[in-house]
Structure formats: structure tokens, C-alpha cells
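Coordinate analysis (summary)
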Amino acid sequence: MTKEPLIYMDGGFVEKSRAVVSVFDHGLLYGDGIFEGIRAYNGSVFRLVDHIDRLYDSAKSIRLKIPLTKHEMTEAVLETMRKNQLRDAYIRLVVTRGTGDLGVDPTLCKNPTTFIIAEPMASHLGPRAPKVLKMAVSSYRRDAVDATSHEVKSLNYMNSILAKMEANSAGADDAILLDHRGFVSEASVTNIFLVKDGKVVTPSKAAGILHGITRGRIIRLCSDLGVEVEERDVTPFELTVADEVFIVGTKSELAAVGSISGSNVGAGGAGPLTVRLYQEFSRVVQRPEEGTPVYEAAAESV
Ligand code: PXG
């Protein structure tokens, strides 16, 4: 029999087939919980410190007390990688409000539930060109910063799921959501950038976006390359007339947008700056200092 993957659950490790949560878990009943999607490249967990910081910020914002210190959580992630002998992986770290009686009141839950899944995943990044995606502008608006905004990386993804289904029906790969004011926010599970006249522009945090870790790293990469980046409100018109558009996220890495709602972006392929950033980013993720080593003794301090 092949060995089953091991899942971290509340301080221990269990086999995948036995890694279950209660039907009374408020993460399932009410979406009351938070998570991180993290990636490891060549035995190093990419920007793990940033992911752990964001997890604890999400927890603070929903007043969820995580029963582990940041250091213990970091160790739990690394140990999950080691137990499964992974080097290139996708890691899903979830903390829910825990089990409790029926009722939305979080005080019904005494102990949060924590689990970590790590699965093998190879990078798409490399010296060639990124994937080119067809996008459709969604009729669903991104939740506003004073609603259940994606600034909290919560277990409530219905806003993104509805947009994704709509995009699928329209024959597109993914959706672009506008914010409640009509400005561009992000795609279903990635942040968005445009290029116009050699300058890079990305929606600001006012648009209810997730403060993406890939977004942050790409902004810094642009600056390092001497490419000007603006974080500001972006109109749908600006997106339509952009020279290039691309999306970024942990799982998707970096992909070009070839068309939006049937209208080509630039020449309809991956533009030159998109290709350059893709190639540069493929080098960034492999740098040891960009992440926390899984197999060396010393972990990055948090
Ligand atoms: N926006 C949203 C709403 C997200 O959920 C990103 C942007 C990109 O952020 P990072 O930090 O990964 O650069 C995300 C990413 C998936 C998937 O299947 C991804 C996310 C959540 C759920 C599924 O790719 N989060």
C-alpha cells in the first residue's frame, strides 16, 4: 500500500483519510475561519514570514486567538513539509473558530481548529513565456472594505466562487471583479496589474483586494528593475486600453491576460514586460533568502 500524506491537525499528524473536522466546526457552518495558501520552491517556503504575519493579522481582525505562537506555527508548517518529504509544494494552512453549538456567536466555540495540508506542486515559472488567460468582467462586485472584504483572508469565498462560475459560463478562464464604486479590484483569487506606456499600475487597497504577497513582491521587483509602479484606482476603461495586463498569486504565480470580455489586450498574447517579469520572478522564487528553508536547521526568525 502506498503511504498516505500526513496532515497536521491540532498539534499532531494524521493520515489524509483520517484528517476530518466536525460537522459542528464553525469554519464549515459559518465560514468562520481564516487561511493561507503558501508555496515552497526547492525546499524553501516562499515568503513564509509574510504569510504567517498575514494569517495573524487576519486572526486579529476577526478576534480569533490562534493557540500557537508565530514561531510554533512556522515550525508546524515546516514539519508538515518534512513529514511528507516535499521540496516543491502547495501548503494550505487553515484556522477555524472551532467546534461549537449551532449559532453564529463565536463565543460558542472554545478552541480553534488548526490544520495544515502540504501537497506536491511543481512551478510553472521558467525561462519561457507565461500562460495567456481569457478573462471576463464579472457582474458580481468585490465586497467593499466596510463589508466582508478580502482584506481578511477568511473562509468565505462565495463572492469569488460566484464570479468564477459566471466566467466559466461565459467561456472565460477567470473573472475580473469591480469594486462597489466601479473601479477594478482583482480577479477571483489573484491580484491584477496593467502596463501602459512602460508604466505598471495596480489597484489600491481601497478596492477591497486581498493584500497579496505575490502582488507585494512583484511591486518590489518592478522597482528593482527601474519600472515605475502606481497603486491607485483603476477604471475598467484603463484595463481595456492597456498595453498589457497580467495577474499574480501564489498558486497561479504570474499569467498574462490575453483578452477581457472578448476584447484583446494589446496584441492578445503575453506582452514584453509581462514576459520579463515572469522570467525575473522565476529567478526570485528560487533565491534562498526569499523563503524559509525546510531542511536546514535554522529557520528564518519571525
Ligand atoms: N486575491 C484573492 C482574493 C486571493 O484569494 C490572491 C489575491 C493572491 O494573493 P497571494 O498572497 O497568494 O499572492 C488570493 C490568493 C487558488 C486560491 O486556488 C488562491 C487563494 C485563495 C483560494 C484559492 O489559487 N488566495
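Residues numbered from 1 in each chain as written. Predicted model: local features only at pLDDT ≥ 70, side-chain atom pairs only at ≥ 80, totals over all residues. Heavy atoms only, no water.

Re the side chain of Ser282
- Looking at the secondary structure, you find Ser282 in helix H7 (residues 272–284).
- Residue classification places Ser282 among the buried residues on the basis of a relative accessible area of 13%.
- Here the side chain of Ser282 touches Gln279 through a polar contact of 2.6 Å, landing on its backbone oxygen.
- When sequence neighbours within four positions are dropped, the list of residues in contact with Ser282 reads Leu125 and Gly126. (Helix = DSSP H or I, 4+ residues; strand = E, 2+ residues; numbered from the N terminus. Buried < 20%, exposed > 50% of the residue type's maximum accessible area, 1.4 Å probe, protein only. Polar contact = N/O pair within 3.5 Å; in protein donor to acceptor, adjacent residues only side chain to side chain. Contact = heavy atoms within 4.5 Å.)

Brief notes about the nonpolar core
- Core analysis: the largest hydrophobic core is formed by 26 residues, its most contacted members being Val45, Leu55, Ile66, Met73, Met81, Ile91 and Leu93.
- Listed by contribution, the elements that provide at least two residues to this core are strand E3 (33–41), helix H2 (48–61), helix H3 (70–83), strand E5 (89–96) and strand E6 (113–120).
- Counting 20 residues, the second-largest nonpolar core is a separate cluster that includes Tyr41, Val195, Val248 and Val285. (Core = buried A, V, L, I, M, F, W, Y, C linked by side-chain atoms within 4.5 Å.)

As for the layout of surface pockets
- The calculated volume of the largest pocket comes to roughly 570 Å³.
- If you trace the largest pocket, you find 29 residues lining it, with Phe35, Arg92, Lys153, Tyr157 and Val189 closest to the centre.
- Sorting the residues of the lining of the largest pocket by element identifies E3, E5, helix H4 (158–169), helix H5 (213–224) and strand E13 (244–249) as the ones contributing at least two each.
- Of the residues in the lining of the largest pocket, the class split is ten nonpolar, eleven polar and eight charged. (1 Å grid on protein atoms, 1.4 Å probe; cavity = no way out; pocket = protein on both sides within 12 Å on 5 of 7 lines; lining within 4 Å. Points joined across faces, edges and corners; volume = space filled by probe spheres on them. Nonpolar A, V, L, I, M, F, W, Y, C, P; charged D, E, K, R; others polar.)

Overview of the packing of aromatic side chains
- A complete count under the given rule lists five aromatic pairs for this structure.
- Plain terms: the ring middles of Tyr8 and Phe13 are 5.6 Å apart, the flat faces sit at 75° to each other, and that makes the pair edge-to-face.
- According to the relative accessible area criterion, Tyr8 is buried, its value standing at 7%.
- Put simply, the rings of Tyr41, Phe46 and Phe281 touch in pairs and so form one group of aromatic residues.
- Lying across the ring of Phe13, Lys83 places its NZ or CZ 5.1 Å from the centre. (Phe/Tyr/Trp six-rings, centres within 6.5 Å; stacked < 30°, edge-to-face > 60°. Lys NZ or Arg CZ within 6 Å of the ring centre and 35° of its normal.)

Details of the site of the ligand
- Surrounding the ligand, one finds 19 residues, the nearest of these being Lys153, Tyr157, Glu186, Thr214 and Thr250.
- The separation between a nitrogen atom of the ligand and a polar side-chain atom of Lys153 is 2.6 Å.
- In the environment of the ligand, a nitrogen atom lies 2.7 Å from a nitrogen or oxygen atom belonging to the side chain of Glu186.
- For the ligand, the protein covers 90% of the area, taking 550 Å² as the surface of the free molecule.
- Taken together, the residues that form the shell around the ligand break down as five nonpolar, eight polar and six charged.
- When residues of the shell around the ligand are sorted by domain, at least three fall in each of domain 1 (6–120) and domain 2 (132–284). (Near = heavy atom within 4 Å. Areas by Shrake-Rupley, 256 points an atom, 1.4 Å probe, with all protein chains shown as cover. Domains from an automatic or database assignment.)

So yeah, pure geometry; function would need other evidence.
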